[in-house]
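# An overview of the molecular structure
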Amino acid sequence: MKRIFFFIIVSFFIILCYFGISLWAIRKSYDHVNEIPYNTFGVVLGTSKYLHGGGINAYFKYRIDAAYFLFFHKKISYIIVSGDNRERHYNEPKMMKKELVKKGVPSYFIYEDFSGISTLHSVIRVYKIFNQKKFTIISQKFHNERAIFIGNCLGLDVIGFNAKSLSFDSKIQIRETLARIKAVWDVVFTFFFK
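A brief structural summary. Since this is a predicted model, take the numbers as computed values, not measurements.

A tally of helices and strands in the chain yields 6 helices and 6 strands. Taken from N to C terminus, the helices and strands of the chain fall in the order α-β-β-α-β-α-β-α-β-α-β-α. The C-alpha atoms of the chain give 17 Å as radius of gyration, which agrees with the globular expectation for 194 residues (16 Å, within 12%). By its C-alpha atoms, the chain is 60 × 40 × 35 Å across when sized along the principal axes. Residues counted as buried form 45% of the 194 residues belonging to the chain.

Further remarks concern the pattern of salt bridges. The tally for this structure, following the rule as stated, stands at 10 salt bridges. For the salt bridge of Asp-65 with Lys-61, the shortest nitrogen-to-oxygen distance reads 2.8 Å. Pair noted here: Asp-65 and Lys-61 are both in helix H2 (residues 58-72), with a separation of 4 residues, about one helical turn. On the accessibility criterion, Lys-61 (40% relative accessible area) is partly exposed. In this structure, Glu-145 engages Arg-180 in a salt bridge whose closest nitrogen and oxygen atoms are separated by 2.7 Å. One end of the pair, Glu-145, is in helix H5 (residues 141-153); the other, Arg-180, is in helix H6 (residues 170-193), with 35 residues separating them in the sequence.

In terms of nonpolar packing, the biggest core is built from 24 residues, with Val-44, Leu-70, Ile-79, Val-81, Leu-100 and Ile-138 touching the most fellow members. Looking at this core, the elements that each hand over two or more residues are H2, strand S3 (78-82), helix H3 (92-103) and strand S6 (157-163). In terms of residue count, H2 provides more of this core than any other element does, 7 residues in total. Filtering out sequence-adjacent residues up to four positions away, Val-44 remains in contact with Arg-63, Ala-67, Ile-79, Ile-80, Val-81, Ser-82, Met-96 and Ile-138.

For the pair helix H4 (residues 119-128) and H5, interaxial distance at closest approach is 10 Å and the crossing angle is 50°. The pairing of H4 with H5 is recorded here as oblique in orientation. Between H4 and H5 lies a crossing whose hand is right-handed. From H4, Thr-119, Leu-120 and Val-123 reach across to H5, where they touch His-143, Arg-146, Ala-147, Ile-150 and Gly-151.

How each quantity is defined
Residues numbered from 1 in each chain as written. Predicted model: local features only at pLDDT ≥ 70, side-chain atom pairs only at ≥ 80, totals over all residues. Heavy atoms only, no water. Helix = DSSP H or I, 4+ residues; strand = E, 2+ residues; numbered from the N terminus. Rg over C-alpha atoms; globule rule 2.2 N^0.38 Å. Buried < 20%, exposed > 50% of the residue type's maximum accessible area, 1.4 Å probe, protein only. Salt bridge = Lys/Arg side-chain N within 4 Å of Asp/Glu carboxyl O. Core = buried A, V, L, I, M, F, W, Y, C linked by side-chain atoms within 4.5 Å. Contact = heavy atoms within 4.5 Å. Axes fitted to C-alpha atoms, helices over the stretch in contact; angles between N-to-C directions. Parallel < 35°, antiparallel > 145°, perpendicular 65-115°, else oblique. Left-handed = near helix turned anticlockwise from the far one by under 90°.

Read these as layout, nothing more, since geometry by itself doesn't imply function.
And the structure:
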C-alpha cells in the first residue's frame, strides 16, 4: 500500500512539473515574429553544432535561423550566444557566433557567454553578467518553456521565440521531463537555500 501511495505521489509530481511548466509559459512563448514583442537582447541557448554520429544538429541550425530571423525583423537588437565551453575543441558560443556572422549578423551585435553550462546558468548570467532583466530566449518550444519558468521564478521578464522543432523523439522527451524536475528543484533550492 505504501509503495502504491509513493508511486502515485511521484507520478503526480512528475506530471505537475512537466505540464505545469508548459502552462506557466503558455502566453510567453511565441511562434510568429509578428506577434512577439521587442526586447533589446535575444539569448540563444547552446547546443552542439554537430551530431555524435556526424552531420549537422538540426536543433542548432533552427536556433541560429530563429535568432537571425528575429534580428532581421528588428525584434531584437543584440544577441547573446550562451553555451558550454568545456573543452578547448568544444565551444558552443563560438560556433553559434560564427554561424550568425555567416548569415549576415554583424559580429559587434553578438555577445558570447562561455559559461552557459545549463539553462539555469544561461538565464542567471544574462541578468548578472549582462545586466538584463527583460530578454527573449531563443530555442525550441519545450526548452523555451523551461527557461521562461526559471527566469520568471527568479523575477526576470523572460519570453521565448520558438525555433523550428523536430518530430517526436522519445529520448528528448525523457530528457526534458528530467530537466523540468531539475528546474523545479533548482528554483526551490535557489529561493530557500541561497
